[in-house]
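Below are the chains, spelled out letter by letter.
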Amino acid sequence: MRKRLFIILSLLITTCGFAMAQALIRGSVVSDSDGSPVIGATIVVDGTSKGTVTNGDGKFSITLPAGKKNVRISYIGFEPQTVAAKNGMKVKLLEAKNELAETIITGYGNFKKASFTGSAQSLKTDAMQDVPVISIADKLSGGVAGVSISQTSGAPGGTKSIRIRGMSSINAGNDPLIVVDGTPVQSGDANPFSGSYNDTGSDLLSTINPNDIESMTVIKDAAAASLYGSRAANGVIVITTKSGKAGKTKLSFRSDWGFSNMAINYRPTLGGDDRRALLSKGLENQAIYDLGMSAADAKAYAESKIDAYASMPKNGWTDWKDLLFRTGSHQNYQMSVTGGNTDTKFYASLAYNKQLGIAYDQGLERITGNANLQHSFGRFDLQVTTQLSRTRQDLANEGTSFTSPIMNYAWVQNPSSTPYNDDGTLNDGCGLFGVNPIFERDHSSDVYTFTKAFSTVKLTYNIWDNLKLSEKIAYDYFDGTEDVLWDKFSNNGGPGGVMQRDKLSYQQLNSQTQLTYEKTFGQHNVNVLLGFETENFVNSDNYVSGQKYPGQLYEFGNAAETNASSGYSSYRLTSYLGRIDYNYAGRYYIGASMRTDGTSKLSRDNRWGTFWSVSGAWRFIDEKFMAAVKDVLSDGKLRLSYGVNGTQPSDYYAYMNLYKYSNQNYNGMSGMGIVGIANPDLRWEKNKTWNIGLDLQFLHRISVTLDYYQRKTSDLIYNLPVSMTGGHYRYDGNAGAYVFTQPMNVGEMENKGFEMTVTSVNFDTKDFNWTTSLNLSHNSNKLTKLDGESQEIISGPMIHRVGEPYYSYYLYEYAGVDAQTGKPLYYINDGTDNARNTTTEIAQANKTIVGKHDPAIEGGLTNTLRYKFIDLSFTLTYSVGGEAFDYATWQHTDGGRYLYGGAVPASYDLSEMWTGPGDTNAKLPKFQYGSASTTASSRWLMPTDYLRLKSLTIGFSAPTSFISKLGLTKARAYFSGSNLLTWKSKDLVVDPEMSPSGIMTFETPAYRTFAFGVELDF
C-alpha cells in the first residue's frame, strides 16, 4: 500500500513540475494595414516543430515548452515575425511587398494570390489615379497580361473594347462581365445613335469616377469565373470601390487641368505644293501613255490642266487640319472624406470633370457622387453604397459622314478648297462633295445627356462560429436622352430641318443570398459558399423625329411631319451556386464550384445550364526537398484548373416567332410582318477552359507568374442566312437593321496561349523605392467549325475560314511594280506551280490569306519609383506581329477622281514612284490621272507593331513638418500625361489602339494628354 501511494505521489509531483515548466499562451494576429484578423496564420514555437493556426477570428492558443520564449508567426502574403510570447499578445503582420501578397477579389470571396488556385491578377489603382483618363478601362491598359484594350474612337466617353484572352463568340458578344462591389452591372455602349450618326458611342464605364476605385481584379480562367456562369465566358473584371477605414476622419481634395492633341500624326496628307506636283505628274502620265503625247507636250498639257485640281488660293494653301481641330482641354475637381471607428466606417466623394475634345463638336461633362457606409452591431454587419453620375456628351459625326471632321481632313477637302468667301463669310459648299464642314458644324449638333445610378444594401448575420448569412439587393438604373439636330440650313437637314430624339432607359434589379462558412481544424482550412441569385432587366426605347420646320424652333410640335416608335424588352436570370475551397497547412489546395443558370432568353427546354470548375494548387516551396534552394527560391506554387462556363444569346427573343404592325404596308394598306424567325432549339454557347500556372518568387524580391491556357467554345451562335421568299425577317439589334437570318448553334472556336508577368522590387529603403513589372502575352485564335457545311465566309476584306484566325485578311497579294508598264503586280496564287508568278491583270490573280489582325505578342512595362519627396511612375505598352487594313479604298486609285478632288495621303511619295519603262527601283506604281483601280490587296495592309508611353506621372510632396502647421497631412503637386510618345511604322497611318477587327476608315485617334494637378489631405 505504501509503495502504491509513493508511486502516485511521485507521478503527481512530476506532472505538476512538467505543467509548471510550460505556459499556455493565448493571442491574436491582425493585419497591420486595416486591423482585420488574419485567418489561418501559422504560429510555431521557435526552435521546435510545435505549432497551431489562427481561427476565423484570428485568435490562437499554444502551449510553450519549458525554456522556450519566442514564437514565429507567418502567413501567405505577409512578412513573417518572431516575437516574444506572452499571454494576451496581439501581433500585427506587415503585408509583404511582392506579387504573391496581393489580394485577389473574386466577388465571391477574397484570397491572397499565394493561396489562389486560379488565374487572376489584381491591379491597384493608386499609381494610376493621377493619369488623366475618362474611362476606367484605360487604367487596365498595359497593366494585366492577356488583356487588350482597343477603341473605335478616341473621343471623350467613347466605347472601349476589352478582350481577355482573345475572342470566343461571333454573335453573342466578347466583352467581359463587369462586376462592381460584388454585383454584375450593365456595360458597353449605351448610345442609341451609335453607328448611325456617331462612331464614338457612350461607354457605361465612363460613368464611374476612376479615382473612386480601390482595385480591379481580372479573372481569366474558369476557377473563379464559373461562379458567374452564363456570363463569364469572356472573363470577369471585378471593380472594388473605395470604402471607409477606421481612424481619424480625413478630408482629401485633388484637382488637375490640362490639354490634349492627337497622339499620332493621323493619316498625314500631302501639302499644297507636293499635291500639285503629284497631280501634275499624273496628268503628264495620262498625256504620254493614254494620249500618246511627247514628254514636252505632256508637260504643257499638265500645266494647262493642273489649276482645275490644285490651284493655290489667294490666301495660300488651306490647312484643313488646323481649321477642323483644336487643342483639347480638361479640368477635374474631386473632394472625398473618409473615416470611422471599429464599428462604423464611411467614405464619400464628389467629383466634377469637363473635357473638350480635339474636334469642336466633341466633349464630355460629368458630375459623380459616391458614398459607402459600413456599420457593425451585435452579430450584424450592414453595408450601404450608392454611386450617382450625370453626364453630358457632345458627339461629332465620324466614319464616312460628309460632316465628319476626320474624313474631311483626311480625304474630302484639299489644300485648294476654301471654307470662306472673299468677304470672310462661310461658303455653303467646298471640297469633293460640295459640303463645307465648318458651315455644317455650326448648323448641326448631337448631344447625349444621361444619368446613371447604382445602389446596394447588404446585411450579413454571423449565425455561429463564422457561419454567416448575407442578403444583398442591388439596383442599376440608367436614363439617357440624345438629341440630333440638322437645321434647315445644313446639308443633312435642308430645306426644312430635321430633329431626332431618342430616350433610352434600363433598370436592373439584382438579389443575392449567400451562406458562407469558414473554419480551421488544426492544419485543415475549409471555406464553403452557397448562394441564390436573381436578376431582372427591363429596357425601354422611345424615338421621335420631326422635319419640315417653318421656323428655327426645332421642337416636334412645330414640325410639319413627325414620326415615332417605341420598344420595350426584358429578361430574367435565376441562379443557384456553390463553392468549396480546402487547403492543408497552406500547402495543398483544392477548390470546386458549380452554378446553374436559368434564363428567359431561351425556350423552356433549353433554359437551364450548369457551369462548373475544379482547381488545385501545390505550394511546393514548403516541401522538405526544397529546403536547399529556399535562400534563392523563396516561394513557389503550381496551379491547375478546368471548368465550363457559357454565354447567353445577345437577342432576348431569338427563340420566338415575333410579328410587328409598325411600318408594315401591303399594297398601300397597314398590315403585319413576321420579324422574328424562331429557333426553339437555341442553346447556350459553352466555353471549356483549362489553365496551368506557375508562381515563383526569388530572393523575396522577384515574382514570376507563368500561365498556359486553352479554351474551346462550342455551340457558337451564328446568324445563318435564310430564304427571303417566306416573307419573314429578323431585327438584328447589333446591326441596327432587319436581316434575313436565323440564329443557330453551329460554330466552334479555339483560343490558346501563354502569359508571363515578372515583378521585381529593385530597391526598398527608407529614402528610395523602385519596383518594376513586365507582362507579355500571346493568344492564338482559330475558327474550328463554322456551320457544319460551309468552310468559309467572306466579309469584305476579311475571311472567316475554318482552321484560320477569325480576323484573317483575304486579299490579292501585292508583288511590287511592273518595270515596263508601271502597273501594280500581283501574285497569281492559283495553287499550282504557277502560284508565285506575277501578273498585272487582276483577273488572273487569286485572293489568299495575307495576314491577320491579332498580334503575336503584346503587353506592358510599368516602373514605380520614389526618392524622398519625389515620386515617378510610367507605363509602356507594346504590340508586335499584327496587321490592320486601310479600308479607305477611295484613296487607293493611283490617280482616280477622289484623289484629284480631295486630299492625297502622304504615302503617295513622288520620289518612290515609277518614272518610266525599265524603272526597276520603283516602290510605288505609276500615278496617272483617270486611274480607277481600287483593288483590295496586301499593299494596303499596315503593320500594327508599336511601343507607346501610355502614362507618366511625376509628383513632388511637401515636407510633413511644414504642412502640418497649415493643418495638412499631405500636399503634393504633380504632372501626368497619357499617350505621350508612340513609336510605330510610318506605314501605320491610324492609331495602333484600334477596333478589334483592324479594318480602318476615318476614326478619331487616341488623345495625347498633359495634366498638371494638386493633391491635398486634411
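Model, not experiment: these values are computed from the prediction.

**Student:** Give me the lowdown on the sheet that holds strand β44 (residues 824–827), citing residues and values where you can.
**Tutor:** What the three strands build is an open sheet, ordered β43-β44-β45; its pairing is antiparallel. One side of each edge strand has no neighbouring strand; the edge strands of this open sheet are β43 (814–817) and β45 (838–839).

**Student:** Before we move on, can you summarise the nonpolar core with the specific residues and values?
**Tutor:** The biggest cluster of nonpolar side chains holds 60 residues, and the ones touching the most others in it are Tyr 266, Phe 325, Tyr 809, Tyr 908, Phe 927, Val 990 and Phe 1002. A total of six residues in this core trace back to one element, the largest contributor, which is helix α7 (residues 405–412). Val 990 has contacts with Ile 264, Tyr 266, Arg 267, Met 942, Lys 984 and Met 1000, leaving out every residue within four places of it along the chain. Counting 21 residues, the second largest nonpolar core, distinct from the first, contains Val 147, Ile 178, Val 180 and Met 216.

**Student:** Lay out the packing of aromatic side chains in plain terms, naming residues and giving numbers.
**Tutor:** One pass over the full model with this rule turns up 50 aromatic pairs. Ring geometry for Phe 532 and Tyr 576: centres 5.1 Å apart, planes at 45 degrees, overall tilted. Residue Phe 532 is found in strand β25 (residues 524–547), and its partner Tyr 576 is found in strand β26 (residues 561–584); the two are separated by 44 residues along the sequence. Since its relative accessible area comes to 30%, Phe 532 is described here as partly exposed. Tyr 576 gets classed as partly exposed once you look at its relative accessible area, which sits at 47%. By way of ring pairs, the aromatic residues Tyr 448, Phe 450, Phe 478, Tyr 506, Phe 537, Tyr 571, Tyr 652 and Tyr 653 are connected into one cluster. The ring of Tyr 360 carries Arg 441 above its face, with NZ or CZ at 4.1 Å from the centroid. Above the ring of Tyr 289, the side-chain terminus of Lys 926 is found at 4.7 Å from the ring centroid.

**Student:** Please set out α7 residue by residue, giving values where relevant.
**Tutor:** Here α7 lies mainly inside the structure; eight of its eight residues are buried. Looking at α7, one finds that the buried residues are Pro 405, Ile 406, Met 407, Asn 408, Tyr 409, Ala 410, Trp 411 and Val 412. Against β17 (247–262), α6 (320–324), α8 (437–442) and α9 (897–901) lie the buried residues of α7. Its side-chain oxygen 3.3 Å from the backbone nitrogen of Ile 406, Ser 404 forms the N-cap of α7.

**Student:** Break down the sheet that holds strand β14 (residues 183–185) for me, with residues and values.
**Tutor:** The sheet built from five strands is open, its strands ordered β10-β15-β16-β13-β14 with mixed pairing. The strands lining the two open edges of the sheet, one partner per strand, are β10 (120–124) and β14. Along the sheet, successive strands turn relative to each other by an average axial angle of 25 degrees, direction set aside. Inspection of the sheet shows strand β15 (residues 213–219) paired to strand β16 (residues 236–241) by six bridges, in the antiparallel sense. Across the sheet, residue Val 218 finds its bridge partner in β16, namely Ile 237.

**Student:** Outline the pattern of salt bridges, listing residues and values.
**Tutor:** What the rule picks out here adds up to 39 salt bridges. A salt bridge links Arg 939 to Asp 894; its shortest N-O distance comes to 2.9 Å. In this pair, Arg 939 sits in the loop between α9 and β50 (941–943) while Asp 894 sits in the loop between β49 (883–886) and α9, placing the two residues 45 residues apart along the sequence. One exposure class covers both Arg 939 and Asp 894, and it is buried. Via salt bridges that share partners, Arg 254, Asp 871, Lys 970, Arg 972 and Glu 1015 belong to a single interconnected network.

**Student:** An account of the environment of Glu 555 is needed here, citing residue identities and associated values.
**Tutor:** You can see Glu 555 is positioned in the loop between β25 and β26. Residue Glu 555 is classed as partly exposed on the basis of its relative accessible area of 41%. Glu 555 sits 375 residues away from Val 180 along the chain, and the two C-alpha atoms are 39 Å apart.

**Student:** Any chance you could break down unusual backbone geometry for me, citing the residues and the numbers?
**Tutor:** Here the bond from Gly 494 into Pro 495 is cis, since omega is 5 degrees, no more than 30 degrees from zero. Among the secondary structure elements, Pro 495 is positioned in the loop between β23 (467–486) and β24 (498–521). The backbone phi angle of Asp 715 is positive, close to 55 degrees, even though this residue is not glycine. Tracing the sequence through the fold places Asp 715 in strand β35 (residues 702–721). Residue Asn 829 is not a glycine yet carries a positive backbone phi of 50 degrees.

**Student:** Describe the packing of helix α3 (residues 272–289) against helix α4 (residues 295–305), naming the residues involved and giving the relevant values.
**Tutor:** Contact pair α3 / α4: the axes reach a minimum separation of 8 Å and the direction vectors enclose 130 degrees. With respect to their mutual orientation, α3 and α4 come out oblique. Seen along the crossing, α3 lies across α4 with a hand that is right-handed. The segment α3 lies against α4, with Ser 280, Leu 283, Glu 284, Gln 286, Ala 287 and Ile 288 engaging Ala 295, Ala 298, Lys 299, Tyr 301, Ala 302 and Lys 305. Grouping the constituent residues of the contact of α3 with α4 by class yields seven nonpolar, two polar and three charged.

About the criteria used
- Residues numbered from 1 in each chain as written.
- Predicted model: local features only at pLDDT ≥ 70, side-chain atom pairs only at ≥ 80, totals over all residues.
- Heavy atoms only, no water.
- Pairing = 2+ DSSP bridges.
- Helix = DSSP H or I, 4+ residues; strand = E, 2+ residues; numbered from the N terminus.
- Core = buried A, V, L, I, M, F, W, Y, C linked by side-chain atoms within 4.5 Å.
- Buried < 20%, exposed > 50% of the residue type's maximum accessible area, 1.4 Å probe, protein only.
- Contact = heavy atoms within 4.5 Å.
- Phe/Tyr/Trp six-rings, centres within 6.5 Å; stacked < 30°, edge-to-face > 60°.
- Lys NZ or Arg CZ within 6 Å of the ring centre and 35° of its normal.
- Polar contact = N/O pair within 3.5 Å; in protein donor to acceptor, adjacent residues only side chain to side chain.
- Axes fitted to C-alpha atoms, helices over the stretch in contact; angles between N-to-C directions.
- Salt bridge = Lys/Arg side-chain N within 4 Å of Asp/Glu carboxyl O.
- Parallel < 35°, antiparallel > 145°, perpendicular 65-115°, else oblique.
- Left-handed = near helix turned anticlockwise from the far one by under 90°.
- Nonpolar A, V, L, I, M, F, W, Y, C, P; charged D, E, K, R; others polar.

Scope: geometric values only; no functional claims are made or implied.
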